[in-house]
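# Working through the structure, step by step
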Amino acid sequence: MDDSSLEHRLSAKERSQFENEGFLIVRNVLGREQLEVLEKAANKVEREWRPHYAERGLQEGQALNHLDFIGQDESFLELIDHPKTFMKVVDILGWHIQLYHSHIIVTPPRPKGYQLSGKRLGWHQDSGRLNIDIESNPRPRISLKVGFFLTDTTPTDRGNFHVIPGSHLSNKVEFPEDGADHPDAIPVQAAPGDAVFFDRRLWHAAGRNVSDVTRKVLFYGYSYRWLKPRDNMTVDHYMASADPVRQQLLGASPNGGFGFTSPVDEDVPLKSWLSERLGEEALAP
Ligand SMILES: O=C(O)CCC(=O)C(=O)O
Ligand SMILES: [Fe+2]
């Protein structure tokens with residue numbers, strides 16, 4: 001892991017934005033060259049996978065949401081501990097973390113004359129049964145996602161990521177009876193290279209792309225290590241050459257199953273990495 005990460009910790013202002021609103025935009029994380037490489041790799045994933053989804057009913061013009069893309073190109077691996085984002089993840093969740101999920105969404109423009117399927121967007125909190133099986137109010141955070149935007153969604157008609165700011169502490173949100181969207185809903189306006197962090201409990205939805213520009217976003221989900229991955233995490237081919245922190249993030253646990261709930265230092269190299277640089281007392285328990 002790159003020491004320059006330490007220059008990009010979560011500021012007090014960013015923390016209060018994330019804690020209060022449930023999301024945070026970090027601008028200019030990816031430079032032009034890196035964006036080009038990533039967009040090429042994203043296009044390759046789409047070319048390979050769209051036909052498989054089409055066989056299962058995905059229509060032309062519908063968004064492709066492909067899980068577990070991380071293993072498909074080394075350039076995707078680089079974002080897992082990106083120096084401009086990773087310490088902010090650590091400053092929110094702590095050192096006992098892993099990548100539990102990755103997905104790429106490619107949202108093409110709606111074909112002309114496409115019928116809107118209903119007025120309201122598909123609002124949800126992330127993680128399925130986590131929202132049902134655990135009784136608590138508010139629900140626990142457990143994970144967050146970082147979305148790396150490869151294309152420009154500063155205009156608001158490009159299938160923008162939408163959020164209801166501050167809704168992460170509400171187990172339920174009330175929507176207007178006439179089927180309209182929530183009055184507090186907003187489109188997040190991210191430029192190419194921006195990273196959008198969001199708490200999994202934040203009520204959020206994909207927008208409709210009624211522009212003529214395809215939207216491409218790479219989502220990285222980080223959670224505590226005891227949570228089961230939400231996809232197949234096809235990453236074994238990265239393990240041998242990955243540094244110890246990456247190995248942790250990719251799901252390694254030298255002490256097996258027990259090490260996921262009661263880790264010793266060997267299971268969590270990120271903890272030692274941090275304590276060597278920041279001192280033991282800087283670490284959360
Ligand atoms: O496509 C979007 O903007 C929504 C993505 C989403 O719901 C997610 O990444 O959890
Ligand atoms: Fe979601």
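Above this text you will find the structure in question.
Here is a short report on the structure shown in this document. What you are looking at is a predicted structure, and each value in this text was computed from that prediction instead of being measured.

### Here we look at the overall build of the protein chain
Within the protein chain, the secondary structure is distributed over 9 helices and 9 strands. For 285 residues, the compact-globule estimate of 2.2 N^0.38 gives 19 Å, and the C-alpha radius of gyration of the protein chain, at 19 Å, lies within 12% of that figure. Oriented by its inertia axes, the alpha-carbon framework of the protein chain measures out at about 60 × 40 × 35 Å. The buried share of the protein chain, reckoned over its 285 residues, is 35%.

### A word on the environment of Gly251
Turning to its location among the elements, Gly251 is positioned in the loop between helix H7 (244-249) and helix H8 (258-261). Of the residues examined, Gly251 has 16 C-beta atoms within 10 Å and is grouped as partly exposed. The spatial distance from the C-alpha of Gly251 to the C-alpha of Asp2 is 19 Å, given a sequence separation of 249 residues. Excluding residues within four positions of it along the chain, Gly251 makes contact with Gln98, Pro229, Met233 and Val235.

### Concerning the sheet that holds strand E1 (residues 23-26)
Pairing between sheet strands relies on hydrogen bonds along the backbone, with the strands arranged either parallel or antiparallel. Pairing is antiparallel across the open sheet formed by 6 strands, whose spatial order is E1-E7-E4-E9-E3-E2. If you trace the sheet from one side to the other, it starts and ends with E1 and strand E2 (64-67), each paired once. Between one strand axis and the next, the sheet turns through 20° on average, direction left out of account. Across 7 bridges, the pairing between strand E4 (residues 143-149) and strand E9 (residues 215-224) is antiparallel. Across the sheet, the residue bridging to Ser143 is Ser223, located in E9. The sheet contacts of helix H1 (residues 12-21) involve E1 and strand E7 (195-199), and relative to E1 the element is tilted by about 145°. Where helix H4 (residues 86-93) meets the sheet, it contacts E1, strand E3 (97-107), E4, E7 and E9, and its direction lies at approximately 160° from that of E4.

### Things to note about the nonpolar core
Where a protein is soluble and globular, its nonpolar side chains tend to be buried together. Of all hydrophobic cores here, the largest spans 53 residues; its most connected members are Phe23, Phe148, Val196, Phe197, Leu218 and Tyr220. When neighbours within four sequence positions are excluded, Val196 is seen to be in contact with Phe23, Ile25, Gly147, Phe149, Phe161, Val188 and Ala190.

### Focus: the site of ligand 1
All residues in the neighbourhood of ligand 1 are listed as Ile105, Asp126, Lys145, Phe161, His204, Ala206 and Phe219. Counted by class, the shell around ligand 1 contains 4 nonpolar, 1 polar and 2 charged residues.

### Considering unusual backbone geometry
In this structure, Pro138 follows Asn137 across a cis peptide bond, with omega equal to 0°. With respect to the helices, strands and loops of the structure, Pro138 is situated in the loop between helix H5 (130-133) and E4. A positive phi angle, near 60°, is found at Asp68, a position not held by glycine. Mapped onto the fold, Asp68 is located in the loop between E2 and helix H3 (74-77).

### Describing the sheet that holds strand E6 (residues 186-187)
The antiparallel open sheet is built from 3 strands, whose spatial order is E6-E5-E8. Of all the strands in the sheet, just E6 and strand E8 (204-206) have a single pairing partner and so form its edges.

### Observations concerning the pairing of E7
Among the 5 residues of E7, 5 are classified as buried, and the element is accordingly described as predominantly covered. Side-chain alternation along E7 places Ala195, Phe197 and Asp199 on one buried face and Val196 and Phe198 on a second face that is also buried. Pairing geometry for E1 and E7, over 4 bridges, is antiparallel. Within the sheet, the bridge partner assigned to Val26 lies in E7 and is Ala195. Two strands pair when backbone bridges link them, and E4 and E7 are joined in this way by 5 bridges, in the antiparallel orientation. In the sheet register, Val146 faces E7, and the bridge partner there is Phe197.

### So, helix H9 (residues 269-278)
Listed in full, the buried residues belonging to H9 are Pro269, Leu270, Lys271 and Leu274. Looking at the packing, one finds that the buried side of H9 touches H7.

### Some thoughts on the environment of Asp194
Mapped onto the elements of the fold, Asp194 is located in the loop between E6 and E7. Look at Asp194 and you get buried, because 21 C-beta atoms sit within 10 Å. Spatially, the C-alpha atom of Asp194 lies 7.9 Å from that of Leu150, the residues being 44 residues apart in sequence. Those residues in contact with Asp194 that sit more than four places away from it in its chain are Ile25, Val26, Arg27, Asn28, Val29 and Phe149.

Here is what the cut-offs are and how they apply
Residues numbered from 1 in each chain as written. Chains lettered and ligands numbered in written order. Predicted model: local features only at pLDDT ≥ 70, side-chain atom pairs only at ≥ 80, totals over all residues. Helix = DSSP H or I, 4+ residues; strand = E, 2+ residues; numbered from the N terminus. Rg over C-alpha atoms; globule rule 2.2 N^0.38 Å. Buried ≥ 20, exposed ≤ 12 C-beta atoms within 10 Å, placed from the backbone. Contact = placed C-beta atoms within 7 Å. Pairing = 2+ DSSP bridges. Axes fitted to C-alpha atoms, helices over the stretch in contact; angles between N-to-C directions. Core = buried A, V, L, I, M, F, W, Y, C linked by C-beta atoms within 7 Å. Near = placed C-beta within 6 Å. Nonpolar A, V, L, I, M, F, W, Y, C, P; charged D, E, K, R; others polar.

Read these as geometric descriptors, not functional statements.
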